[in-house]
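Geometric and topological summary
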There are 2 protein chains.
Amino acid sequence: MAKGARTRAAILKAAVETASLGGFAGLNLQPLADRVGMTKSGLYAHFGSKEALQLATLEHATELFEATVVAPAKTEAAGLPRLAVIYERWLAWPANAGLPGQCPFFAAVAEFDDADGPVRERLARLFRDFQGVIEQLAASAVRHGHLPPDTDVAQFAHEVLAMRYAHHWSAGFMRDPAALGRARRGFLRLAGRLGNQRP
Amino acid sequence: MAKGARTRAAILKAAVETASLGGFAGLNLQPLADRVGMTKSGLYAHFGSKEALQLATLEHATELFEATVVAPAKTEAAGLPRLAVIYERWLAWPANAGLPGQCPFFAAVAEFDDADGPVRERLARLFRDFQGVIEQLAASAVRHGHLPPDTDVAQFAHEVLAMRYAHHWSAGFMRDPAALGRARRGFLRLAGRLGNQRP
DNA sequence: GCTACTTTAGCACGGTCGTTCGTGATTTTA
DNA sequence: TAAAATCACGAACGACCGTGCTAAAGTAGC
């Protein structure tokens, strides 16, 4: 591995960690350069623009996410079991990926919902793709008889994401110790594993 | 009404609108002063610090929220009907309050989840209080027999907020036209008005 | 060990940020 | 109408931002 690629990897590692802690807004060049132990301009030369750095950071975070959340579930039984594992791993993936803070994707969403541009587009596509993955898993669960045949898989996926988003808000901003339990309970209710009762 | 109070009100009106459009991060003094038609320093003199401006903006937004979402539901029948009206008004309250963008509270949450301070505290308290309101409404709905007696009202309130948060994300960032329908459907399922079936 | 190339440091730029201060204009009060 | 209190402006500050440029340091191939 060439020297340049090595420092680039170190930069991206620090960038994802920083984004996990302070969002993409905290992804400024000077503090990031300090973290890696080099100068602002030296770091800048690797990307050419701040936008390119953000995109590369997003890409690196995606690889981490795939490896931490999606890949380990491949061996799980298709249908609801696999979906449940992905959901559970999704809840705790920042810690499992060695990140010091919260999910960098959620942090990024909040900061780019108005500012149009390549970063926003990439981010939206990532979320759309993952929502599609959950829809397919739900459809598979229906085929396996884990969910009722009249399940609206799009609505189901939406509500699974809602539970995850609420967990991010509840654990992150609200700092509610009950957040994890609420997130699990919500999913179980969605999956019909609470005797089909209301919360 | 004195002159100072009038311009202060004008500033806060513009501030909430700006926060609705670009979040609290877009609440910079220069653009805000331009919007109101005065100088940065002239505007600044009304608050003394940016933090005080943010707190005042939060306060003003809270008054708007109370008047737009909570107050009109007072006349509704207690229990689930009142809760349903509040939820429905909550979904569309930025437009009903004359705001050009999205819910300023959700926008603020994302930007203050790491930065500790008075603004963060105030915001968290606002959310906690409103979650408490929803819990009480749910408890009332239980007493009226609108919800089953074994309902976990805290979990119920959490999931109602989850549906609202997901709507913010789905309509705002994802720009999904189906967002409103999803949010309504999710609430109906929570309230048990979909024949108790899963989505 | 010398050369060709890549990688990093150093410095400066234009711009925006929140904040301060003194002064003039404008209201409000007497 | 005169005096007093309030309000808004304009200029400037130090700090940080992203972005270029040039020169030095470091690395790799022969």
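Notes on the structure follow.

Each value, and the rule that gives it
- Throughout, a residue's number is its position along its own chain's written sequence, starting from 1.
- Chains and ligands are labelled sequentially in the order written, the chains with letters from A and the ligands with numbers from 1.
- The predicted origin of the model limits local features to residues at a pLDDT of at least 70 and limits the giving and counting of side-chain atom pairs to 80 or more, whereas totals for whole chains, interfaces and linings rest on all residues.
- For the side-chain quantities, the full set of heavy atoms in the structure was used; hydrogens and water were omitted.
- Copy-to-copy superposition: least squares on the C-alpha atoms, limited to residues that have pLDDT of at least 70 in both copies.
- The criterion for a residue being near a molecule or strand is simple. One of its heavy atoms has to lie within 4 Å of it.
- Whenever two N or O atoms come within 3.5 Å, that pair is a polar contact, provided that in protein one can donate a hydrogen and the other can accept it, and provided that, for residues adjacent in sequence, both atoms are side-chain atoms.
- Secondary structure follows DSSP: runs of H or I at least 4 residues long count as helices, runs of E at least 2 residues long count as strands, and numbering of each begins at the N terminus.
- Each residue is assigned to one of three groups, with Ala, Val, Leu, Ile, Met, Phe, Trp, Tyr, Cys and Pro labelled nonpolar, Asp, Glu, Lys and Arg labelled charged, and all others, Gly among them, labelled polar.
- Only protein chains enter the accessibility calculation, which uses a 1.4 Å probe; a residue is then buried when its area is under 20% of its type maximum, exposed when over 50%, and partly exposed in between.
- Any pair of residues with heavy atoms lying within 4.5 Å of one another is described as a contacting pair.
- What counts as buried area is the accessible surface, traced by a 1.4 Å probe, that two parts surrender upon association, with contributions from both included.
- We define a salt bridge as a contact between a side-chain nitrogen of Lys or Arg and a carboxyl oxygen of Asp or Glu at a distance within 4 Å.

**Observations concerning the relation of the copies chain A and chain B**
Under the fitted operation, chain A is carried onto chain B by 0.0 Å of movement along the axis and a turn of 180°, and the coordinates agree to an RMSD of 0.0 Å. Viewed as a symmetry operation, the transformation between the two copies matches a two-fold axis.

**Concerning the protein's contact with DNA strand C**
Close to DNA strand C lie 18 residues; Thr39(A), Ser41(A), His46(A), Tyr44(B) and Lys50(B) are nearest. Counting only the atoms of DNA strand C that lie within 4 Å of the protein, the sugar and phosphate share comes to 63%. Here a phosphate oxygen of DNA strand C and a side-chain polar atom of His46(A) are 2.3 Å apart. Lys50(B) is positioned with one of its side-chain polar atoms (N or O) 2.4 Å from a phosphate oxygen of DNA strand C. Secondary-structure elements contributing two or more residues to the surface near DNA strand C are helix H1 (3–22) of chain A together with helix H2 (29–36) and helix H3 (40–44) of chain B. Class assignment of the residues belonging to the surface near DNA strand C gives a composition of five nonpolar, nine polar and four charged.

**Quick look at unusual backbone geometry**
Residues and elements named next belong to chain A. Its identity as a non-glycine residue notwithstanding, Arg175 has a phi of 55°, on the positive side. Checked against the element boundaries, Arg175 lands in the loop between helix H9 (153–173) and helix H10 (179–191). Take Arg175: its relative accessible area is 46%, and that puts it in the partly exposed class.

**A few points about the interface of chain A and chain B**
Taken together, the contact pairs 46 residues of chain A with 45 residues of chain B. The junction of chain A with chain B conceals about 4500 Å² of combined surface from both sides, 56% of it contributed by carbon and sulfur atoms. Where chain A meets chain B, there are six salt bridges. Here Arg189(A) and Glu159(B) are joined by a salt bridge, their closest N and O atoms 2.1 Å apart. On the surface where chain A and chain B come into contact, there are 10 residue pairs in polar contact (both at pLDDT 80 or more).

**Points about the protein's contact with DNA strand D**
Close to DNA strand D lie 17 residues, the nearest being Tyr44(A), Lys50(A), Thr39(B), Ser41(B) and His46(B). Near the protein, meaning within 4 Å, the atoms of DNA strand D are sugar or phosphate in a fraction of 67%, with bases accounting for the rest. Lys50(A) places a polar side-chain atom, nitrogen or oxygen, 2.5 Å from a phosphate oxygen of DNA strand D. Separating a phosphate oxygen of DNA strand D from a side-chain N or O atom of Thr39(B) is a distance of 2.5 Å. Those elements that place two or more of their residues in the surface near DNA strand D are helix H2 (29–36) and helix H3 (40–44) of chain A together with helix H1 (3–22) and H3 of chain B. Per-class residue counts for the surface near DNA strand D are four nonpolar, 10 polar and three charged.

**A word on the pattern of salt bridges**
Residue and element names in this part refer to chain B. One pass over the full model with this rule turns up 18 salt bridges over all chains. For the salt bridge of Arg184 with Glu88, the shortest nitrogen-to-oxygen distance reads 2.5 Å. Linking Arg184 in helix H10 (residues 179–191) with Glu88 in helix H5 (residues 80–91), this pair joins segments that are 96 residues apart in sequence. We classify Glu88 as partly exposed; its relative accessible area is 31%.

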